[in-house]
Amino acid sequence: MAGLELLSDQGYRLDGRKATELRKVQARTSVFAQADGSAYLEQGNTKALAVVYGPHETRGSRSKSLHDRAVINCQFSMATFSTAERKRRPHGDRKSSEMSLHLKQTFEAAVLTELYPRSQIDIYVKILQADGGNYSACVNAATLALVDAGIPMRDYVCACTAGFVEDTPLADLCHAEESGGGTSLALALLPRSGNIALLQMDARLHQDHLDALIEAAMTACKGLSKVLDDVVRQHLEEVSVLTRD
Amino acid sequence: MEGPIMIKTEKVLHLNSSKGRKVRVVREHYVREQVPCGSSLCQADCLNDGKVLSGDVTHYVVPDVGVVRDFLEILEFRELQGIVFTQTAYQTVQHTRGRRHYNRLRALLKDPRHDCVLFANEFQQYCYCPRDKGESQDKWHTRNVYNAAVWYYNHLAGLQPVVMITEDNDAISEFSALNSGVYVISTQEYLLSFWPDLQAAHDLYSSIAQTLQERESEAVEKVYTEHLPAEVLEAGIKSGRYIQGILSVNKHRAQNEAFVRYEGSASKNTDLNSDVLINGAKLRNRAVHGDMVVIELLPRNEWKGRTMALTEGQGEEQPLEETQSQPMPSGRVVGILQRNWRDYVVTFPPLEEVQSQSRNSQKILVIPWDYRIPKIRISTQQAEALQDQRVIVRLDSWESTSVYPSGHCVRVLGKAGELETEIQTILLENSIHVPPFSEAQLREMPVNTEENRWQMDSSEVSSRRDLRETHLVFSIDPKGCEDVDDTLSVRTLPGGKRLELGVHIADVTYFVREGSLTDLEARSRATTYYLADRRYDMLPAVLSADLCSLLGGVDRYAMSVLWELDAETLDVCTVWYGRTLIRSSYQLHYELAQSLLNGEEVEVPELSRLKGSQRDQKLVELLQALETLTRVARHLRAQRDKGGALELEGVEVRAQLDEEKNITALVPKQPLEVHETVAECMIYANHWVARKIQESFPHQALLRHHPPPKQEFFSQLIDCAKARGFSIDTRSNRALADSLEQAVDRQDPLVNRLLRMMATQAMSNALYFSTGACPEEQYYHYGLALDRYTHFTSPIRRYADVLVHRLLMAAIQLEKEGSLAKPLASNKELEELAQHINNKNRAAQHAQKQSTELFQCLYFRDKDSKTDERCVADAVIYAIRANGFLAFIPQYGVKGAVYLKDREGQVVSVDGDGRCEWKAGTLQRYSDRISSCTSTGTHTFYLFSHVTVRISVEPSRCHADSLCLELIRNKPHCPVQPESQPAGGGRSELVQEVVRRAEEASLQAVEERGRKPKLSREERQFRQSRTPNLYVLLQEISELALLDLSVCQIRNTEEQTSTASS
């Protein structure tokens, strides 16, 4: 049996997208009342829920708090039903801790933490269904949740993955493409300034192709930022209509 | 989201997870309205790029999934036009029929000569229908294909009727009446009603259909063990339990011995560095020569050695225990990763055999031409008609219940034994397809006839560097050469401090645009094929012999490399590459150029019309240029020698050619220095172009490398040399070249020649590659001792040179404008292309060799070997085997086995004056000699000793005829008896005498061949030389000329063409 062909000769990917096309993104903010901010985001079949508490006083030991800025605490988990085969451990394994750390680094770069010295911001993200691009879905959901919580940020943080197949960069990989053995690069971008908050790539890639790949990922992130912006604006409109009454 | 609107849907798949469990997976599936339809009749402005279906056909045809899966071969007929392949069918082929079949479909879609397109129906919003609950997969696929056909009809606004062909009868009854304009019929009906005249397609259809049917009603007793599933194989390879490799069958013991060579160096069993033996058909488990297989090693106590005895034919099956060598790693095939089946030429058995063969007379076992391929089962009713014909057959499957694979007939080639059939067989067996150039291709060609002269384009003239006035350009080729693809120039620049050396190559890429039909045809041919009596050109004659050829006295386009050299040290100062205009002033030939250099008084034809001082001045000018050129070439050669360049073209070959000169007036009396001068300049140009394109495109330049040989391959050479007291140092190319130079036996020049031949055999082949596919340290060219090398100088007859020309132009453009007008082929594409060219080159060499053998057999077939003096020849022993030795006959360039033991177990005994006869006795084999013990005494045959053999033809019905050597005297051969008293001291004279006589005999043979009536018709027809023997000798050169096969081939083939034209 011949292997999967990630990019056909006609330029179609497995799921019918072209190389630069993103998956369908849908999002809602303020899905929970008791949290300070929350958001639900679907990126294709990857579904993420993000909840933000804070800024509030540091919990637990005082020693963790910083005198000049807020501490960001991230926790990532995956629902047991999120993958095709049921997961045994929803959180706390190596992969989840690594993901938590990456999220923390990303948002430390974006949130204006220096406005809240000696305090703490909690971000909890849960993947409800995993279909590739878990990290980027988490970042995008968490951004919306932070916006919903009213925490000042430098810019939206938009994240997207990109892969490299047959000399062509593919934007926003789905699970089948990610597990196909090729390169996958995750990038979190502050779109307006063009600053990169996080860049991660595990597989081997020839140096010459790196620029093209980053370029593709950045374009995808900018596309995403528009979607996120629309979601926020729409939410604002709804809320303002409600409050006017 | 920007761009066209896509609608997200989902589809549910049931897959096997890595742990082997069934998993339910939901995948997204995006559909859209805008999917290009790929038809020129499109009314909706689809974005059709690439291939487009023509509008002037009577209908479009949409094949169903089953048709594409099983009857793709029928759709490959070029007569069938307007084929729309659906994505549904395309993907099914990918998933069910394996990569080869899938690649064929892909190639079909890419080939612009086939009128077919792929329509991505599953991504079209209105075509795609999700699978219903409980619907079978086949039904769902058929429904999808039908929907696509309907959409296609509506999309083209009913301009073209659409025919869907299917093998599913339910579908015909269900859909045929639903829509007017969309017809659903069976494949057979389709062929009958639309292509009633295409008999070949009808035959092929019934042949495949019958095979499919047979397969279903197959018996169930198992002959072979089942292959393991792909997942298990993959896991096994990763864990090191199994080994992956390509199966190659031993031609001489096809039923028993096959070997698997490791793929790459990633093997975990580092202690196994040799090939793995697969002994017997059971262990080979249905693998066919060339397949990529997975094997498991057997336990050490079951290892077997390879048989060292020479076997006659392939009939013998009993393993001879005592003749086996050291046990070597043995294994068994557990699975096949990839079948590498091609078209095979087979012969049908005679009728009486057919009847006794099987219960149901429809199944017939046919015998492939290639010994390495097992017999094939064919179901056909035409067995009687096909008797003694050569037929093309394709393999379909090999079930574990069947002893032999089953296949079906494709086409009849002709009667076995006829020259034309045999030549076609050779071409086909080497997968060479050389149809005559089509009309569409010839239409692309520029016109140059008497009444309609070809003119240069004025815009081209202004954009090129004009060297017509400034440079003295000349070419040096064999006499009478028509396709001149290289010219030279050299001059001293003003000031006298610098020299300018120029190599100007025919600008083929100007005429052959990338992607044109001519280009595609040239690409698929990849090279010009030279057979013993004919050649198949890569480019149409109007280009190769006229417009591209840099003839004397006419303006021509060229690609030039110009070096500025320091006049004293000859170091390169600057290099210029680019397109130029040249007019070659002198079209010299080698002998003339050499005589000029030697200071002899010779007539230069171009100067004969001039007079007096003007003529002298011109002559001095030319002479000066030639001398400078020689000086530069000597310097270049010396530089390469320092690096260790190999010279493997034996001196002996030239001495052989020596005598030929008298009749052919073609080959120089002495190895002329000017040959080397020209070759050196070409190598230099190739080298510098390689540097340029590699620097400009580090990942996608086409280079040629020659990997260093494996040391273990030299063992035969070293052992043989030891037998004669020479030591060969093979540690580096330098050392090898030196020690070969030393190993000369004064009494027998053949020794050195044979040693060089063995060295040649130990070498790996030089190969093209893409720079991105190979680490930089492997760019090295071992034979030429250059760090980078490519082919640039013969674009008329090699496609690689055409590619390099394009790369060079792109490099120049990149330098000038900073960007490229057109993206280059990616590394992957280029590497694929390089592999293709390598394969074609190998095929060309094999075809050349086999056609020579064919002609040798034809030559000896008409002779009575018992009486004809020409069938007796002198031979040299060059290898020892358990029951005989291998001998080389310099007179005819034939190599073959000589048996010392016959089937009854009798051995050769030698009587007093050297005559041989069969007697009961034993053989004893040593590393450098073999002796036979009989009642009359013991006789020993040593390596490199001369014997007399009789050559006869062993006719074969199903395979190529072969030559058979029989030992008749244990003495060198002397045609006429007189003073041959072989005393110990007079040996050297004897050898000389023998060599001289052998050469005389060879001359005779040459003349004989020229007169042979059987060939002369072919010769006239193909305008080939009347002396095929010359070809044999030239073939020798190219075999020996490891310097670089191709560099020598320049000379070789030019000589060929000149013979053709003379």
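Residues numbered from 1 in each chain as written. Chains lettered and ligands numbered in written order. Predicted model: local features only at pLDDT ≥ 70, side-chain atom pairs only at ≥ 80, totals over all residues. Heavy atoms only, no water.

- You'll find chain B entered in an unreviewed UniProt entry as DIS3-like exonuclease 1, with Carassius auratus given as the organism.
- According to the UniProt record, the Cofactor (unreviewed entry) comment for chain B is "Mg(2+)". (UniProt positions renumbered as here; feature names shortened; annotations may be inferred.)

- Identification of chain A as Exosome complex component RRP41 from Carassius auratus is taken from an unreviewed UniProt entry.
- Under the UniProt heading Sequence similarities (unreviewed entry), the entry covering chain A gives this text: "Belongs to the RNase PH family."

**Details of the overall build of chain A**
In step 1: Along chain A, the regular secondary structure elements total four helices and nine strands.
In step 2: Listed N to C, the secondary structure of chain A is β-β-β-β-α-β-α-β-β-α-β-β-α in terms of helices and strands.
In step 3: Sequence separation of at least 24 residues holds for 68% of the intrachain contacts in chain A that already meet a minimum separation of 6.
In step 4: When the accessible surface of chain A is split by element, carbon and sulfur atoms take 49% of a total near 11800 Å². (Helix = DSSP H or I, 4+ residues; strand = E, 2+ residues; numbered from the N terminus. Contact = heavy atoms within 4.5 Å. Areas by Shrake-Rupley, 256 points an atom, 1.4 Å probe, with all protein chains shown as cover.)

**Describing the pairing of strand β2 (residues 37–43) of chain A**
Residue and element names in this part refer to chain A.
In step 1: Of all seven residues in β2, six are buried; the element is thus mostly enclosed.
In step 2: Sheet topology places strand β1 (residues 25–29) next to β2; five bridges connect them, and they run antiparallel. Note that in β2 the partner of Gln26 across the bridge is Glu42.
In step 3: A loop of two residues connects β2 with strand β3 (residues 46–57), the two strands running antiparallel in sequence, and Gly44 in this loop sits at a positive phi of about 65°. (Buried < 20%, exposed > 50% of the residue type's maximum accessible area, 1.4 Å probe, protein only. Pairing = 2+ DSSP bridges.)

**What about the interface of chain B and chain A?**
In step 1: With 35 residues of chain B at the interface, the matching set in chain A holds 30 residues.
In step 2: In total, chain B and chain A occlude about 2700 Å² of area from one another, counting both sides; carbon and sulfur atoms represent 47% of this.
In step 3: Applying the counting rule to chain B against chain A returns four salt bridges.
In step 4: With a closest N to O distance of 4.0 Å, Glu28(B) and Arg23(A) form a salt bridge.
In step 5: Applying the counting rule to chain B against chain A returns seven residue pairs in polar contact (both at pLDDT 80 or more).
In step 6: For the side of chain B that touches chain A, the elements supplying multiple residues, two or more each, are β1 (6–16), β2 (22–32), α3 (87–96), α4 (98–110) and α26 (827–861) of chain B. (Buried area = accessible area lost by both parts, 1.4 Å probe. Salt bridge = Lys/Arg side-chain N within 4 Å of Asp/Glu carboxyl O. Polar contact = N/O pair within 3.5 Å; in protein donor to acceptor, adjacent residues only side chain to side chain.)

**Considering the sheet that holds strand β9 (residues 195–201) of chain A**
Sheet strands pair via backbone hydrogen bonds, and the direction of the pair is either parallel or antiparallel.
All names here are of chain A.
In step 1: One open sheet accounts for four strands, arranged β7-β6-β8-β9; its pairing is antiparallel. Of all strands in the sheet, those bounded by a partner on one side alone are β7 (168–171) and β9. The average angle at which neighbouring strand axes cross in this sheet is 25°, direction not considered.
In step 2: Of the strand pairs in this sheet, strand β6 (residues 158–165) and strand β8 (residues 183–190) are connected by seven bridges, and their pairing is antiparallel. Bridge pairing in β8 places Ala162 opposite Leu185.
In step 3: Against the sheet, helix α1 (residues 94–110) touches β8 and β9, its axis set at about 165° to β9.
In step 4: Against the sheet, helix α4 (residues 207–244) touches β6, β7, β8 and β9, its axis set at about 145° to β6. (Axes fitted to C-alpha atoms, helices over the stretch in contact; angles between N-to-C directions.)

**A short note on the confidence of the model for chain B**
Residue and element names in this part refer to chain B.
In step 1: The share of residues in chain B with pLDDT of 70 or more is 82%, and the mean pLDDT across the chain is 77.
In step 2: When the criterion is pLDDT under 50, residues 312–323 qualifies, and its contacts beyond four places in sequence or with other chains add up to 18 contacts.
In step 3: Here residues 1004–1062 is a poorly scored stretch, pLDDT under 50, and it has 145 contacts once near neighbours within four places are set aside; other chains count.
In step 4: Both confidence scores are given for the complex: pTM 0.65, ipTM 0.88. (pLDDT = per-residue confidence, 0-100.)

**Observations concerning helix α22 (residues 715–723) of chain B**
All names here are of chain B.
In step 1: If you check which residues of α22 are buried, you get Leu717, Cys720 and Ala721. Around the axis of α22, the buried residues are gathered within 100° of arc, so they sit on the same side.
In step 2: Taken together, the buried residues of α22 touch α23 (733–742), α24 (749–762) and β31 (872–881).
In step 3: One or two residues past the end of α22 sits Gly725, with phi positive at roughly 85°. (Arc of directions from axis to C-beta.)

**Comments concerning the sheet that holds strand β5 (residues 119–129) of chain A**
Residue and element names in this part refer to chain A.
In step 1: Within the open sheet, the five strands sit side by side as β1-β2-β3-β5-β4. Their pairing is mixed. Whereas interior strands pair on both sides, the edge strands pair on one side only; in this sheet they are β1 and β4 (71–78). Ignoring strand direction, the axes of neighbouring strands in this sheet form an average angle of 15°.
In step 2: Across the face of the sheet, helix α2 (residues 134–149) comes into contact with β1, β2, β3, β4 and β5 while running at roughly 145° to β2.
In step 3: In this fold α4 packs onto β1 and β2, with an angle of close to 35° to the strand it touches most, β1.

**So, the pattern of salt bridges**
In step 1: Under the definition given, this model contains 47 salt bridges over all chains.
In step 2: One salt bridge connects Asp170(B) with Lys139(B), and the closest N-O pair in it is separated by 3.7 Å. Of this pair, Asp170(B) sits in helix α6 (residues 169–175) while Lys139(B) sits in helix α5 (residues 137–155); the two residues are 31 residues apart in sequence, bridging distant segments of the chain.
In step 3: Asp507(B) is paired through a salt bridge with Arg579(B); the nearest N and O atoms lie 2.9 Å apart. Separated by 72 residues along the polypeptide, Asp507(B) in the loop between β23 (498–506) and α15 (508–511) and Arg579(B) in strand β27 (residues 572–583) bring together distant segments of the chain.
In step 4: When salt bridges that share partners are traced, they join Arg13(A), Asp15(A), Arg17(A) and Glu177(A) into one network.

**A word on the nonpolar core**
Residue and element names in this part refer to chain B.
In step 1: Phe474, Ile476, Phe511, Trp563, Leu588, Leu702 and Phe792 are the most contacted members of the largest nonpolar core, which has 88 residues in total.
In step 2: Those residues in contact with Leu588, other than ones at most four positions away along the chain, are Phe474, Ser475, Ile476, Asp477, Ala593, Val604, Leu622 and Leu626.
In step 3: If you look at the next biggest cluster of nonpolar residues, it comprises 63 residues, including Cys37, Phe77, Val84 and Ala201. (Core = buried A, V, L, I, M, F, W, Y, C linked by side-chain atoms within 4.5 Å.)

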